[in-house]
Amino acid sequence: ISPEYFALEKEKIFKKTWIQVGRVEEIPNAGDYFVKDLHACDTQIIVVRNREGEIRAMHNVCSHRMNQIGYEKCGNTRKFFCKFHGWAYDLDGNLTGVPEEECFFNLDKNDYGLTTVSCDVWQGFIFVNMDPEPELTLEEFIRPMYSDIEGYPFDKLTVGFEWTTVVNGNWKLA
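Residues numbered from 1 in each chain as written. Predicted model: local features only at pLDDT ≥ 70, side-chain atom pairs only at ≥ 80, totals over all residues. Heavy atoms only, no water.

With that settled, the discussion passes to the sheet that holds strand β2 (residues 32–38). One open sheet holds the four strands; their spatial order is β4-β3-β2-β5, and the pairing between them is antiparallel. The open sheet has two edge strands, β4 (55–59) and β5 (74–76), and neither has a second partner. Going from strand to strand, the sheet's axes swing by 25° on average, the running direction of each strand aside. Relative to strand β3 (residues 43–49), β2 runs antiparallel, the two sharing six bridges. Looking at β3, one finds that D37 is bridged to Q44. (Pairing = 2+ DSSP bridges. Helix = DSSP H or I, 4+ residues; strand = E, 2+ residues; numbered from the N terminus. Axes fitted to C-alpha atoms, helices over the stretch in contact; angles between N-to-C directions.)

Structure, rendered in structure tokens:
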């Protein structure tokens, strides 16, 4: 129950492991996205399907002034914009537009893309890992626990309901 111990768990466990954040059916089309709060990782991410159909994840923070860029919990967009100075990012997180760019001396847009998050898909489940170079691939992480159910038709299942609750207790107890 120690806040200091939980802070260590965040750094050593949650920010170093694969966390399931959604399903591919939630973002079927290019530009579809959802925003996910990851409290155990002290961050909020955007998960988006790019124009090539790939699923990407990035921190929901503008590289310029650290403002939020995804304001709705889900939607469809061609680009993400920061409302502070109007910086624009494509669906891969690349900086593509800077108003009055000439006022920024020696600005290399390649240096100011969104900070990406490791992202992979298993059986239609979308996973992220805050570690830029995870120790294990998603497949290596999943296989020991779930290899027996590979091929199960998860895409045929539907969501019946979902709920959120706050449990005033240790995360391991919940």
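Turning to the sheet that holds strand β8 (residues 95–97), a few remarks are in order. Ordered by their spatial adjacency, three strands build an open sheet running β6-β7-β8, and the pairing between neighbours is antiparallel. This sheet does not close on itself; its edge strands, each paired only once, are β6 (80–81) and β8. Bridge count between β6 and strand β7 (residues 88–89): two bridges; the pairing is antiparallel. Looking across to β7, one finds that F81 is bridged to A88.

Let us look at the nonpolar core. In terms of nonpolar packing, the biggest core is built from 16 residues, with I46, V48, I69, F80, W87 and Y89 touching the most fellow members. For this core, the secondary structure elements donating two or more residues are β2 and β3. Beyond its immediate chain neighbours, meaning those up to four positions away, I46 contacts Y33, F34, V35, R56, A57, M58, N60, I69, G70 and F80. Membership of the second largest hydrophobic core comes to 15 residues, among which are I19, I27, I45 and M130. (Core = buried A, V, L, I, M, F, W, Y, C linked by side-chain atoms within 4.5 Å. Buried < 20%, exposed > 50% of the residue type's maximum accessible area, 1.4 Å probe, protein only. Contact = heavy atoms within 4.5 Å.)

Let's shift gears to the pairing of strand β1 (residues 19–23). Across the five residues that make up β1, a large majority, four, are buried. Pairing of β1 with strand β10 (residues 125–129), which is carried by four bridges, proceeds in the antiparallel orientation. By the bridge assignment, I19 is partnered in β10 with V128.

What follows deals with the side chain of K10. Looking at the secondary structure, you find K10 in helix α1 (residues 3–12). A polar contact of 2.8 Å, which involves the side chain of K10, links it to the side chain of D42. Not counting chain neighbours up to four residues away, the residues in contact with K10 comprise K15, H39, A40 and D42. (Polar contact = N/O pair within 3.5 Å; in protein donor to acceptor, adjacent residues only side chain to side chain.)

So far we have only geometry, and geometry alone does not tell us how the molecule works.
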